[in-house]
Amino acid sequence: MNLKAIAQILFLNASAAILVSMCLLLAKELTGRKATATLIPVNTPENAVFLSEKKVLIGRSQECDIMIIDPSVSTNHCIIFQKKGRFFVKDLNSRNGTFINERPVGMAEVKDGDILRIGEKKFIFKAE
């Protein structure tokens, strides 16, 4: 790997960290309350999603709290919920699975910095 490639990687990582911080600040400003966690899309045009409720349903359905329109995402794909200050994700028998750091999960704790994959959509999980 040459020096230019390393510099580009470092710039992208620094830019992503700045963007995450700015998204969290914006969430606090817009909602008037503290965002407890954020899903930040990886390499997709979707916007960051702020999780401030105790339980969030994710899927393709219009009834979901977070609707992701993508054929790899099931109608009711997964739930992210809080329990005693910790976050968990539970797959709802989705067709393409829910993954934390590329490991398939039925139900598992999701921690700050984890990569959450819902179908083929990837998000960085950022907890405050």
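For the structure itself, consult the block above.
Predicted model, so just to flag it, every value in this text is computed and none were measured.

1. Considering the overall build of the chain
Now for step 1: The secondary structure content of the chain amounts to one helix and 11 strands.
Now for step 2: Moving toward the C terminus, one meets the helices and strands of the chain in the order α-β-β-β-β-β-β-β-β-β-β-β.
Now for step 3: Residues counted as buried form 38% of the 128 residues belonging to the chain.
Now for step 4: Taking contacts inside the chain between residues at least 6 apart in sequence as the whole, the part at least 24 apart equals 32%.
Now for step 5: About 8,000 Å² of surface is accessible on the chain, with carbon and sulfur atoms providing 57% of the total.

2. Observations regarding the pattern of salt bridges
Now for step 1: Inspection of the entire model under this criterion finds six salt bridges.
Now for step 2: The partner of E102 in a salt bridge is R117, with the nearest N and O atoms 3.1 Å apart. Residue E102 is located in the loop between strand 7 (98-100) and strand 8 (103-104), and its partner R117 is located in strand 10 (residues 115-118); the two are separated by 15 residues in the primary sequence.
Now for step 3: K122 is the partner of E102 in a salt bridge, and the nearest nitrogen-oxygen pair spans 3.5 Å. Here E102 is found in the loop between strand 7 and strand 8, whereas its partner K122 is found in strand 11 (residues 121-127), with 20 residues between them in sequence.
Now for step 4: In this structure K122 comes out as partly exposed when scored by relative accessible area, which is 33%.

Criteria and cut-off values
- Residues numbered from 1 in each chain as written.
- Predicted model: local features only at pLDDT ≥ 70, side-chain atom pairs only at ≥ 80, totals over all residues.
- Heavy atoms only, no water.
- Helix = DSSP H or I, 4+ residues; strand = E, 2+ residues; numbered from the N terminus.
- Buried < 20%, exposed > 50% of the residue type's maximum accessible area, 1.4 Å probe, protein only.
- Contact = heavy atoms within 4.5 Å.
- Areas by Shrake-Rupley, 256 points an atom, 1.4 Å probe, with all protein chains shown as cover.
- Salt bridge = Lys/Arg side-chain N within 4 Å of Asp/Glu carboxyl O.

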